[in-house]
Amino acid sequence: MYPIFSAILLSLSSLSGTLAYQWPKSFLSSINPLIGSAGPEPNLSGGMIPSVAPPFGSTRWVAQNQESYVSATPFNYTESYMNNGTIHGFMGTRQPAIWMGESAWAAVVPGIASGSDGDILTGFEERAMPKIAGTEKFGVGLYSVQLVIPESGGSTVEVLMSASSRVGHLQFTFRQGSESQFQPYIFLPTTRPSTIFHNPNTFETTYPNGTVQISPSTSEICGSNTEMQDFILAPNSIKDAASHFTGWYCATFDTSFNDIGYGITVGSGDSTMRTERAESGSGEELGAYARFQFPSSNGTENNSITINVRIATSLISADQARYNLNADSENEIGSFNIQDTQSDTENAWAEKVGRFHVETDGSSESEEKLAVFMTGVFHAMQYPYEVHESIPTTPNSQQYYSAYDNTIHEGESYSGYSIWDTYRAEWALLILLAPERIPGMIRSMLQDFEEGGWLPMWKNMIETNIMVGTHADSLLAEAVLKGFGAGSAEENGIQTTFTTDELTTMWKAAWKDASVPPVGDSNVVYSDREEDVDYEVRAGLSTFFEQYSAGHGWVANDIHSESVSRTLDYAYDDHAVALLSTLIPEDIVQGNTPNLDEIAAGFYNSSSVNTNYNVTSLLNDRSLANPWTVWNDTASAPAPATGGEDIKGFVQARQQNGDWAATTDGFTEGDRWVYSFAFVHDVAELVERRGGNESFVKSLNEFYDGGWVDFTNEPAHHTPYLYALAGAASYTQERVREIAKSNYNNTPNGLSGNEDCGQMSAWYVFSAMGFYPVNPVSGVYVVGSPFFSSLNVSIPVPPFIPPSHPSITSNSFYNSTTNSYDLRILAPGAESKPYVKSLKVNGRVIGDKEEPLISHEEIRSGGLIEFEMSDKAERWGGGRGAWTEITLDARMSSGVVFNDQSRSSIVSVEHVEL
């Protein structure tokens, strides 16, 4: 447990200015919640849902049109749904991504029964209610629809739905049809048949247990369920603790059902057993219901009744859920006025989205880009999500249930950490737009380490071992690099974010990632979604150690899955931990780096162990040596798209004995093409390995034009920006625009691949601003091509900045009204001019032959970025390679790229290692 109270007060004080200011809601209308909610199959879907909840909301409430489990979200937009779709209820989901499982959900279903004791429809399919055409509306703070309730004499229900972080608010207006015997009810499914996914493609139905407690006198129904679909992936060392996981809900109604009716259901469909006026129950396929009555029974049309339901969730207890009903409200007592909930949620989104002011040329294409951009911010600010809850006795403090040790702790906690995806750009966007959240998110990771033994890889309530690498190392290093660390001793300098104990835990956790192999590392494959294993972390790390004496340092392909990806990812993580070692106080590092001498002696192939090894040098050397052990200089591929000589030099898996494995082995969501560009911390060496700038740029062109690029997966996200680091910036500008057009649009199919907890959108948001964090821990961004003529963003003042800091007291870009830093990005004509002719950052001219980089320090406190745009490729940033006479015809038309077939010699330019 950490001393968090000072940090919470600091975060609250930093928010006070921004919350006092009413951020404009005008751009909320540009958000299209349906973007990324459709797709022909899970891997070609955005995996998003058009939910209502505030930023980082604990539960997201959504209309449910399908069952949720790994590979299926509770809502999927299809043509048939658009035309004649049905809704089966309204769900508060904690499923963070389409390839992750559901847990601790809650749901509310309206219905109409015949008579005061008529049947309650409990089965998912039998609950289907057709939409009334043209009534469904999706917003960030309010969803609405009108539904026909089958076999109810023409009765209908109008639904309004909003939500705070832990409380769903639903308003049902039932309208009676022509037959007076039909009366409304509200059903709360509490447990359900749960679909469990076993890799590679096996689905199993299980039956979680639950409880229900009805309090008719207070118009309240509370319940619990034990569903955690990803429990099967829990590491062995925490599986017993995680087996106790339970989610709770507590629903309160503004209309009494005491005199009308209520009860418990068990089972579904024809096998449903219903007990009228039962007040408690437990078991599988469990539910509860409350009956209501229309004001009159004369069968008059337009006879109606409106019922509000507020349903709170908790991971602690029913009492905590009951407390959350009020604690989660802006008001002292939770309001049954749904417009209040809507307003609070929209205000929360305005505080993020309203920070952007974008001016375009007004064309339809630009307006589409604006919608994608604003929706990208909306998507990116949903993850990770809160799992902490207010402590009833001390409301300004937080507590959380940890499934890692089955214990309630004080502090903030988050879930939905898809770190293999989000370390690339999503985390950088959070640091920029939500700095008030970063300390809590980092503490959450440190708590996971203390309670489970390791930092998270992919946390969905518990660690799931999904993906590879220990990229939490990158998240820590990037945050500390950008100010969230030990603070400064200088007068009016940045303040301390973390205590000495927290910084010590941070270093211990990162060093453990870099130095301790997982359990069974010599024989456990740790394949994707492998069950009944312990923490995966850096599987194959022990083979690094064993091979050092032979000059090796790769993950052995005949022992572990995804061996090339692991080797490269571990090298980057070493790079991140090396940086972290320079940012944490030296005494902490020196006193908490066990086994350094033995590990270093093995790496340097020393016959004797000494005590003079430096951890920074070791990790840096390892990060620069190990990835090249899987680089095969003799490997080649034909170049049909670009012509001429074959592309030479590719990464390739290796067996434990050093033999090369098959060229298709060893990759995570990619192949040898994309992973041969996965050297973001050593780009200069990568360019040289590919034969210099000309050959490197040719290989990138072959990657794109030869059909090898797959932007639906994250390993490709940085690749368009590599051109700019090889003196060919105009290719970066083209590729970025091409990717944005072909992979994003303002429709339900508007994401070509899974959102992956904000990473797909973070790429678009950064790219639209004109720069991207190729190496997240470098502290610099690579310049691309801004999408809009003018974009202003009000950057929140981070919590480590005191009021006396020069960035506030003597900074013309500080805005005291919003307590923010204004970053202005000017690019006149960018909508139709994709190429950069010149660039100034805060008056600093970035010349034609300078590397096109912007540092985080240059924009952290606001600033002015001035692009001069052009409709033809220019010499800036090397242009086509700083060597050619640029005589190019129109290369861009409405964002369509025309490939240049004349690849002239690329002269060598000076590089920096990102």
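The structure presented is a predicted model; accordingly, all values stated were derived computationally and were not measured.

Here is what the cut-offs are and how they apply
- Residues numbered from 1 in each chain as written.
- Predicted model: local features only at pLDDT ≥ 70, side-chain atom pairs only at ≥ 80, totals over all residues.
- Heavy atoms only, no water.
- Helix = DSSP H or I, 4+ residues; strand = E, 2+ residues; numbered from the N terminus.
- Rg over C-alpha atoms; globule rule 2.2 N^0.38 Å.
- Buried < 20%, exposed > 50% of the residue type's maximum accessible area, 1.4 Å probe, protein only.
- Contact = heavy atoms within 4.5 Å.
- Areas by Shrake-Rupley, 256 points an atom, 1.4 Å probe, with all protein chains shown as cover.
- Lys, Arg positive; Asp, Glu negative; His and termini not counted.
- Charge placed at Lys NZ, Arg CZ, Asp CG, Glu CD.
- Pairing = 2+ DSSP bridges.
- Salt bridge = Lys/Arg side-chain N within 4 Å of Asp/Glu carboxyl O.
- Phe/Tyr/Trp six-rings, centres within 6.5 Å; stacked < 30°, edge-to-face > 60°.
- Lys NZ or Arg CZ within 6 Å of the ring centre and 35° of its normal.
- Axes fitted to C-alpha atoms, helices over the stretch in contact; angles between N-to-C directions.
- Left-handed = near helix turned anticlockwise from the far one by under 90°.
- Nonpolar A, V, L, I, M, F, W, Y, C, P; charged D, E, K, R; others polar.
- Polar contact = N/O pair within 3.5 Å; in protein donor to acceptor, adjacent residues only side chain to side chain.
- Expected span 1.5 Å × (residues − 1).
- Arc of directions from axis to C-beta.
- Parallel < 35°, antiparallel > 145°, perpendicular 65-115°, else oblique.
- pLDDT = per-residue confidence, 0-100.

Student: Honestly, the overall build of the chain in this entry has me stumped. Any pointers?
Tutor: Along the backbone of the chain there are 23 helices and 42 strands. Here the C-alpha radius of gyration of the chain, 28 Å, is about what a compact globule of 914 residues would show, namely 29 Å. Evaluated residue by residue, the chain yields a buried proportion of 65% over its 914 residues. Long-range contacts, defined here as pairs at least 24 residues apart, represent 72% of the contacts in the chain between residues at least 6 apart. Accessible surface for the chain amounts to roughly 30,200 Å². Of this, 47% is attributable to carbon and sulfur atoms. If the 50 positive side-chain charges of the chain are averaged to one point and the 110 negative ones to another, these points end up 6 Å apart.

Student: Would you take a moment to explain the sheet that holds strand E29 (residues 462-463) for this structure?
Tutor: One open sheet holds the three strands; their spatial order is E27-E28-E29, and the pairing between them is antiparallel. The sheet terminates laterally at strand E27 (417-418) and E29, the two strands that pair on one side only. Both E27 and strand E28 (residues 458-460) contribute to a ladder of two bridges, which runs antiparallel. Opposite tyrosine 417, over in E28, you have lysine 459 as the bridge partner.

Student: Help me out: how do you make sense of the pattern of salt bridges in this one?
Tutor: Two side chains carrying opposite charge are able to pair once their charged atoms lie near each other. Here the structure, examined in full by the defined rule, presents 33 salt bridges. Glutamate 536 serves as the salt-bridge partner of arginine 566, at 2.8 Å between the closest nitrogen and oxygen. Remark: glutamate 536 occurs in the loop between helix H11 (500-515) and helix H12 (541-548) and arginine 566 occurs in helix H13 (residues 563-583); sequence separation between them is 30 residues. Residue class for arginine 566 comes out buried when judged on its relative accessible area of 0%.

Student: Before we go on, may I ask you to explain the packing of aromatic side chains in this structure?
Tutor: On inspection of all chains with the given rule, the structure shows 46 aromatic pairs. Geometrically, the ring pair formed by phenylalanine 787 and phenylalanine 788 is edge-to-face, given 6.5 Å between the ring centres and 65 degrees between the ring planes. The same class applies to phenylalanine 787 and to phenylalanine 788, which are both buried. The ring of tryptophan 454 carries lysine 512 above its face, with NZ or CZ at 4.2 Å from the centroid. Geometry around phenylalanine 650 places arginine 672 over its ring, the cationic atom sitting 4.2 Å from the centre.

Student: For this particular structure, what's the right way to read the packing of helix H9 (residues 438-452) against H11?
Tutor: Two numbers describe a pair of packed helices, the interaxial angle and the distance between the axes. The geometry of H9 relative to H11 is characterised by a closest axis approach of 10 Å and an angle of 65 degrees between their N-to-C directions. Crossing hand, H9 versus H11: left-handed. Contacts between H9 and H11 involve Ile442, Arg443, Leu446, Phe449 and Glu450 from the former and Glu502, Thr505, Met506, Lys508, Ala509 and Lys512 from the latter. Counted by class, the contact of H9 with H11 contains five nonpolar, one polar and five charged residues.

Student: What is the right way to look at the sheet that holds strand E4 (residues 106-114) in this model?
Tutor: By definition, the strands of a sheet pair up through backbone hydrogen bonds, in either a parallel or an antiparallel sense. Pairing in this open sheet of seven strands is antiparallel, and the strands run E1-E3-E4-E10-E19-E16-E17 from one edge to the other. Unpaired on one side and paired on the other, strand E1 (60-63) and strand E17 (273-276) mark the two borders of the sheet. Strand-to-strand twist across the sheet, computed as the mean angle between neighbouring axes with direction ignored, equals 25 degrees. Here five bridges tie strand E10 (residues 182-189) to strand E19 (residues 286-291), and the two strands are oriented antiparallel to one another. Bridge pairing in E19 links leucine 188 to alanine 288.

Student: Is there a simple way to think about the pairing of strand E23 (residues 388-391) in this case?
Tutor: A regular strand places its side chains on the two faces of the sheet in alternate fashion. Where E23 meets strand E24 (residues 394-402), four bridges bridge the pair, whose relative direction is antiparallel. What sits directly across from glutamate 389, in E24, is glutamine 399. In sequence, E23 turns back onto E24 through a hairpin of two residues.

Student: Is there a simple way to think about the environment of alanine 635 in this case?
Tutor: Here alanine 635 lies in strand E30 (residues 631-637). Through-space distance from the C-alpha of alanine 635 to that of isoleucine 221 is 65 Å; in sequence the pair is 414 residues apart. Apart from residues lying up to four places away in sequence, alanine 635 is in contact with Ile647, Lys648, Gly649, Phe650, Gln652 and Arg672.

Student: When you look at the environment of aspartate 665 in this model, what are you seeing that I'm missing?
Tutor: Mapped onto the elements of the fold, aspartate 665 is located in the loop between strand E31 (647-651) and helix H17 (672-675). In this structure aspartate 665 comes out as partly exposed when scored by relative accessible area, which is 29%. Taking the C-alpha atoms as reference points, aspartate 665 and arginine 654, eleven residues apart in sequence, are found 9.0 Å from one another. Among residues more than four places away in sequence, those in contact with aspartate 665 are Asn557, Val564 and Ala653. A distance of 3.2 Å separates the side chain of aspartate 665 from the side chain of asparagine 557, its partner in a polar contact.

Student: Could you clarify how one ought to interpret the environment of alanine 578 in this entry?
Tutor: Mapped onto the secondary structure, alanine 578 falls in helix H13. Residues contacting alanine 578, with those up to four places away along its chain left out, are Thr616, Leu619 and Asn620.

Student: Hey, could you run me through unusual backbone geometry in this one?
Tutor: Excluding glycine, most residues fall at negative phi; most peptide bonds, likewise, are trans. With omega at 10 degrees, the peptide bond leading from asparagine 199 into proline 200 counts as cis. Among the secondary structure elements, proline 200 is positioned in the loop between strand E11 (194-198) and strand E12 (202-206). For the peptide bond that leads from tyrosine 383 to proline 384, omega is -15 degrees, which places it in the cis range. With respect to the element layout, proline 384 can be found in the loop between helix H6 (364-380) and strand E22 (385-386). A positive phi angle is found at methionine 467, which is not glycine, with a value near 75 degrees. The phi angle at aspartate 756 is positive, at roughly 55 degrees, despite the residue not being glycine. Looking at the element boundaries, aspartate 756 is found in the loop between helix H20 (729-743) and helix H21 (759-769).

Student: Explain the pairing of E17 to me, please; I cannot follow it from the model alone.
Tutor: Relative to E17, strand E16 (residues 262-266) is paired through four bridges, and the arrangement is antiparallel. Across the sheet, valine 266 pairs through a bridge with methionine 273, a residue of E17. The hairpin turn running from E16 into E17, its antiparallel successor, is six residues long, and glycine 267 in that turn takes a positive phi close to 95 degrees.

Student: When you look at H9 in this model, what are you seeing that I'm missing?
Tutor: Since the α-helix turns once every 3.6 residues, residues separated by three or four places project in the same direction. With 15 residues, H9 extends 21 Å from end C-alpha to end C-alpha; this agrees with the ideal 21 Å at 1.5 Å per step. In the stretch just after H9, glycine 453 is the one whose phi turns positive, near 105 degrees.

Student: What should I look at first to understand the side chain of serine 314 in this one?
Tutor: Mapping serine 314 onto the fold places it in strand E20 (residues 304-314). A polar atom in the side chain of serine 314 sits 2.7 Å from the side chain of glutamate 389. Residues contacting serine 314, with those up to four places away along its chain left out, are Arg94, Gly247, Trp248, Gln320, Ala321, Asn324 and Glu389.

Student: Whenever I open this one, helix H4 (residues 318-327) confuses me. Can you help?
Tutor: When H4 is considered as a whole, its buried residues turn out to be Ala318, Gln320, Ala321, Asn324 and Leu325. In a view along the axis of H4, the buried residues occupy a sector of 160 degrees, so they form one face of it. On its buried face, H4 is in contact with strand E9 (167-175), strand E14 (220-225), strand E15 (247-253), E20, E23 and E24. Two to three positions downstream of the cap, the backbone nitrogen of aspartate 319 sits 3.4 Å from a side-chain oxygen, assigning the N-cap of H4 to serine 317.

Student: Just checking my understanding: could you explain the packing of helix H8 (residues 426-433) against H9 for this structure?
Tutor: At their nearest, the axes of H8 and H9 sit 10 Å apart, and the two run at 135 degrees to each other. Viewed along their axes, H8 and H9 adopt a mutual orientation that is oblique. Contacts from Trp427, Leu430 and Ile431 in H8 reach Ile438, Met441, Ile442 and Met445 in H9.

Student: Would you take a moment to explain the confidence of the model for the chain for this structure?
Tutor: Put simply, the chain has an average pLDDT of 91, and 92% of its residues get 70 or more. Note that residues 1-19 has pLDDT below 50 and, in this model, 35 contacts with residues that lie over four places away or in other chains. Contacts from residues 883-914, a stretch scored under 50 in pLDDT, to residues over four places away or in other chains number 85 contacts.

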